[in-house]
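Results of the structural survey
The chain contents come next:
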Amino acid sequence: MPQIVDGKAISAAIKEELKAEVERLKAEGISICLAVIQVGNDPASAVYVGNKKKACAYIGIESLAYELPEETTQEELLALIGDLNGKKDVNGILVQLPLPAHIDEDEIIRAVDPKKDVDGFHPQSVGALCIGQPGFVSCTPAGIIQLLKRSGIEIAGRECVVVGRSNIVGKPMALLLLRENGTVTVAHSRTRDLKEVTGRADILIVAVGKPKMITREYVKEGAVVIDVGIHRNENNKLCGDVDYDDVAPVCSAITPVPGGVGPMTIAMLMHNCVEAGKAQ
Ligand code: GUN
């Protein structure tokens, strides 16, 4: 059976390290504060935001919650972000996505001061990642790199295939694997022979948003399989983009859903907040 890449345990270890670091910083008089903005009441966003606030409390980071009504205007949201950009005691600003349809998401992302962009979504952060300069990195792909490294999985020189090209996961994932000296291919919905492409991967990262799409026909024997998807199946059970029961017997390592990539996203957000606090 494959190695189970345990995101729950690895994220817990990272949170313990961060908690100790936050205590040390407090002793030096440095405290850290994250502002979390949610517009409207998307139930999934409410769960994510709640988990982020809980993680902050556990690690010793102060969190400020801005829960704004669905009708909030672009101008009102920009004004709040402008305010928070100017506050010395706010180190990180996170605007939970998706935003309501009448809001221009790109403009909102650009409004966050890159020094406080703990989500790593600002074009300046993405550009810095692209050319190998320091900056915040999107939390889910950063968490996947930690999962691989802390599980003893070598990236350098290996064939890495990322399925999905979103701005939040696929594209930054490809850039991070490249930074780690992987040989990187990005596949997507228009890829012609997806099975042929994924079948070359030593490390296969799947972020397509389709429940159980990746079966063993897509996976080379002995590959490492990282599943970014999270869905509820017909029995209300959580599942990923990978058909775990079908793929597990043929791969060398795999992330479960839940308990794989999911918990790493918040751990890396906390990491980014601590880095923001230290830099400011
Ligand atoms: N919505 C889904 N994932 C994320 C994330 O990582 N950050 C923010 N801000 N919104 C999200």
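Relevant structure appears above.
Residues numbered from 1 in each chain as written. Predicted model: local features only at pLDDT ≥ 70, side-chain atom pairs only at ≥ 80, totals over all residues. Heavy atoms only, no water.

**Structural notes on the nonpolar core**
One recurring pattern in soluble globular proteins: nonpolar side chains tend to sit buried together. Formed by 50 residues in total, the largest nonpolar core has its most connected members in Leu-34, Ile-61, Leu-148, Leu-177, Ile-205 and Met-270. In terms of residue count, helix H10 (residues 262-279) provides more of this core than any other element does, nine residues in total. When residues no more than four places from it in sequence are discounted, the contact partners of Ile-205 are Ile-144, Val-161, Val-162, Val-163, Met-173, Leu-177, Ile-226 and Val-228. (Core = buried A, V, L, I, M, F, W, Y, C linked by side-chain atoms within 4.5 Å. Buried < 20%, exposed > 50% of the residue type's maximum accessible area, 1.4 Å probe, protein only. Helix = DSSP H or I, 4+ residues; strand = E, 2+ residues; numbered from the N terminus. Contact = heavy atoms within 4.5 Å.)

**Here we look at the site of the ligand**
Around the ligand, the neighbouring residues are Lys-52, Leu-94, Val-95, Gln-96, Leu-97, Asp-119 and Phe-121. Within the side chain of Gln-96, an N or O atom sits 3.2 Å from a nitrogen atom of the ligand. In the environment of the ligand, a nitrogen atom lies 2.6 Å from a nitrogen or oxygen atom belonging to the side chain of Asp-119. The protein chains hide 81% of the 280 Å² of surface that the ligand would expose on its own. The class makeup of the residues in the shell around the ligand is four nonpolar, one polar and two charged. (Near = heavy atom within 4 Å. Polar contact = N/O pair within 3.5 Å; in protein donor to acceptor, adjacent residues only side chain to side chain. Areas by Shrake-Rupley, 256 points an atom, 1.4 Å probe, with all protein chains shown as cover. Nonpolar A, V, L, I, M, F, W, Y, C, P; charged D, E, K, R; others polar.)

**What about the sheet that holds strand E3 (residues 62-68)?**
Pairing in this open sheet of three strands is parallel, and the strands run E3-E2-E4 from one edge to the other. Strand pairing shows two members of the sheet lacking a second neighbour, E3 and strand E4 (92-95), which therefore form its edges. Recorded for the sheet is a direction-independent mean angle of 15° between the axes of neighbouring strands. Examined bridge by bridge, strand E2 (residues 33-39) and E3 share seven bridges and lie parallel to one another. Residue pairing for E3: Val-36 is matched across the bridge by Ala-65. Of the strands in this sheet, E2, E3 and E4 touch helix H2 (residues 43-59), which is tilted by about 170° from E2. Against the sheet, helix H3 (residues 74-86) contacts E2, E3 and E4, and its axis sits at roughly 180° relative to E2. (Pairing = 2+ DSSP bridges. Axes fitted to C-alpha atoms, helices over the stretch in contact; angles between N-to-C directions.)

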